[in-house]
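Residue-level structural notes
So the chains spell out like this:
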Amino acid sequence: MKTRPKYQSILEKIGNTPLVSLPFDVPPTLLAKLEYLNPGGSIKDRSALFMIEKAEEDGSLKQYGTIIEASSGNQGIALAMIGAIKGYKVIITVPDRTSIEKITTLKAYGAKVYICPDTDDLGDQNSYHSKARQLYEQTPGAFMPNQYFNIANPLAHYSKTGPEIWRQTSGSITHLVVGAGSCGTISGVGRFLKEQNPAIKIIGVDAETSVYSCKNPKAYDVEGLGIDVISDTLDREAIDEIIPISDDDAFRSTRILASQGYLVGISSGAVMHVALSYAKKLDKKDVMVVIFGDSGRAYLSKLFASTRPVTPSIRTEMTTTDEQPRASLQQSQEGVV
Ligand SMILES: Cc1ncc(COP(=O)(O)O)c(C=O)c1O
């Protein structure tokens, strides 16, 4: 008899990611939600699938239609993967800070990619946001998920990611630290968790020169993070604090995490940098959840191909609870990033 597989499509494996313990020596229990284990490699699989399914339901995306989106990478990758599976054409505009791995991944999924200058001026006709809008207006049968304004984006996290975290911590979570870009994740998860327990602290991490965090916004190198569009996808009531981080701190933290066995993306490095310093103020009873949004494999050329050494002072910033095996891992890699 033919066995019927449990899953009929790769898309059924989006979500329900594991929550694992991190062994860093801070007072609270520290747990990481491994979003890079989604089939497209990032947390953005969730919002992309949710927005596409909603558009299919309400008729704004029809069979053989074209999906067009401005994305710093992961949202585009998720749309490209889902589009390839469901038979839609996909066009993605990206800023030129996007890593070569992400751009190549988009192309591998068959998406058409426009690389646009990463200008400081959001109204600039050449920006990736403007370019996506122009293409949308010119393309018959186009659907633009518009993650920065589409309320289905936070809703994806309100209906799935938030409940997963609540269930996986048996309701014991006290703090959530998460990267903020379109703010879909922080707003959706934050709202759900605060409805369960208003005392849970929701902490966002932003690029320090973003439109939200800086009076004179400037381009930055971190990817995934950075609040440059302020819209209804940013639910201020669901958020307690947004903490800015520099490119240097985010990059350095990401490199250290990799050297300790956690090859995560830049937004995860940024989140860990903030989480570890925040956690010093907390208690043993607290339970802090961080979200690892994607994998470091998307940034190998940007972060790890250089031979710039990690200085000893940087290495001591992150100490783990089981120093012995980690010390030898660190020694074997000394001086090499
Ligand atoms: C790796 C990663 N982390 C965090 C975020 C931020 O998520 P959101 O757009 O829901 O704020 C993104 C967004 O693209 C991302 O790609």
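None of the values given here were measured: they were computed from a predicted structure.

Looking now at the overall build of the protein. A count of helices and strands for the protein gives 11 helices and 10 strands. Buried residues in the protein amount to 49% of all 337 residues.

Taken residue by residue, helix H4 (residues 128–138) has Tyr 128, Lys 131, Ala 132 and Leu 135 as its buried positions. Projected down its long axis, H4 shows its buried positions confined to an angular sector of 100°, all on one face. Residues of H4 that are buried in the fold lie against strand S3 (66–70), strand S4 (89–95) and strand S5 (112–116).

What follows covers the packing of helix H1 (residues 44–58) against helix H2 (residues 74–86). Axis angle and axis distance: for two packed helices, these are the angle between their axes and the distance between the axes, and together they describe the pair. The interhelical angle for the contact between H1 and H2, taken along N-to-C directions, is 55°, at an axis separation of 8 Å. When the axes of H1 and H2 are compared, the pair comes out oblique. Two packed elements cross with a definite hand, and for H1 against H2 that hand is right-handed. Along the contact surface, H1 presents Lys 44, Asp 45, Ser 47, Ala 48, Leu 49 and Ile 52, while H2 presents Asn 74, Gln 75, Ile 77, Ala 78, Leu 79 and Ile 82. Across the contact of H1 with H2, the residue classes tally to 7 nonpolar, 3 polar and 2 charged.

With parallel pairing, 4 strands are arranged side by side in an open sheet as S5-S4-S3-S6. Unpaired on one side and paired on the other, S5 and strand S6 (142–143) mark the two borders of the sheet. Of the pairings in the sheet, the one linking S4 to S5 comprises 5 bridges and is parallel in character. Bridging across to S5, Ile 91 finds its partner in Lys 112. Sitting on the sheet, helix H3 (residues 100–108) is in contact with S4 and S5, with an inclination near 155° to S5.

Strand order in the open sheet formed by 6 strands is S1-S2-S10-S7-S8-S9, with mixed pairing between adjacent strands. Looking along the sheet, the strands with just one partner apiece sit at the ends: strand S1 (19–21) and strand S9 (241–245). Neighbour-to-neighbour, the strand axes of this sheet turn through a mean angle of 25°, independent of strand direction. One ladder, built from 5 bridges, connects strand S8 (residues 201–207) with S9; its direction is parallel. Following the sheet pairing, Asp 206 is matched in S9 by Pro 244. Against the sheet, helix H8 (residues 266–279) engages strand S2 (29–34), strand S7 (175–179), S8, S9 and strand S10 (287–292), with an angle of about 150° to S7.

On to the site of the ligand. Around the ligand sit 19 residues, and of these Asn 74, Gly 181, Thr 185, Gly 224 and Gly 293 come closest. Breaking the shell around the ligand down by element, the ones donating at least two residues are H2 and helix H6 (184–196). Ranked by the residues each element gives to the shell around the ligand, the list is headed by H6, at 3 residues. Residues of the shell around the ligand, tallied by class, amount to 4 nonpolar, 13 polar and 2 charged. Mapping the shell around the ligand onto the domain boundaries places at least three of its residues in each of domain 1 (10–40 + 151–317) and domain 2 (44–143).

Attention now goes to H1. Taking 1.5 Å as the rise per residue, H1 with 15 residues should run 21 Å; its terminal C-alpha atoms sit 21 Å apart, in good agreement. Those residues of H1 that sit buried are Lys 44, Asp 45, Arg 46, Ser 47, Ala 48, Leu 49, Phe 50, Met 51 and Ile 52. Buried residues along H1 sit against H2, helix H5 (152–168) and H6. Downstream of H1 by one or two residues, Gly 59 has phi in the positive range, about 85°.

Rules behind the numbers
- Residues numbered from 1 in each chain as written.
- Predicted model: local features only at pLDDT ≥ 70, side-chain atom pairs only at ≥ 80, totals over all residues.
- Helix = DSSP H or I, 4+ residues; strand = E, 2+ residues; numbered from the N terminus.
- Buried ≥ 20, exposed ≤ 12 C-beta atoms within 10 Å, placed from the backbone.
- Arc of directions from axis to C-beta.
- Contact = placed C-beta atoms within 7 Å.
- Axes fitted to C-alpha atoms, helices over the stretch in contact; angles between N-to-C directions.
- Parallel < 35°, antiparallel > 145°, perpendicular 65-115°, else oblique.
- Left-handed = near helix turned anticlockwise from the far one by under 90°.
- Nonpolar A, V, L, I, M, F, W, Y, C, P; charged D, E, K, R; others polar.
- Pairing = 2+ DSSP bridges.
- Near = placed C-beta within 6 Å.
- Domains from an automatic or database assignment.
- Expected span 1.5 Å × (residues − 1).

Everything listed here is a matter of geometry and, on its own, says nothing about what the molecule does.
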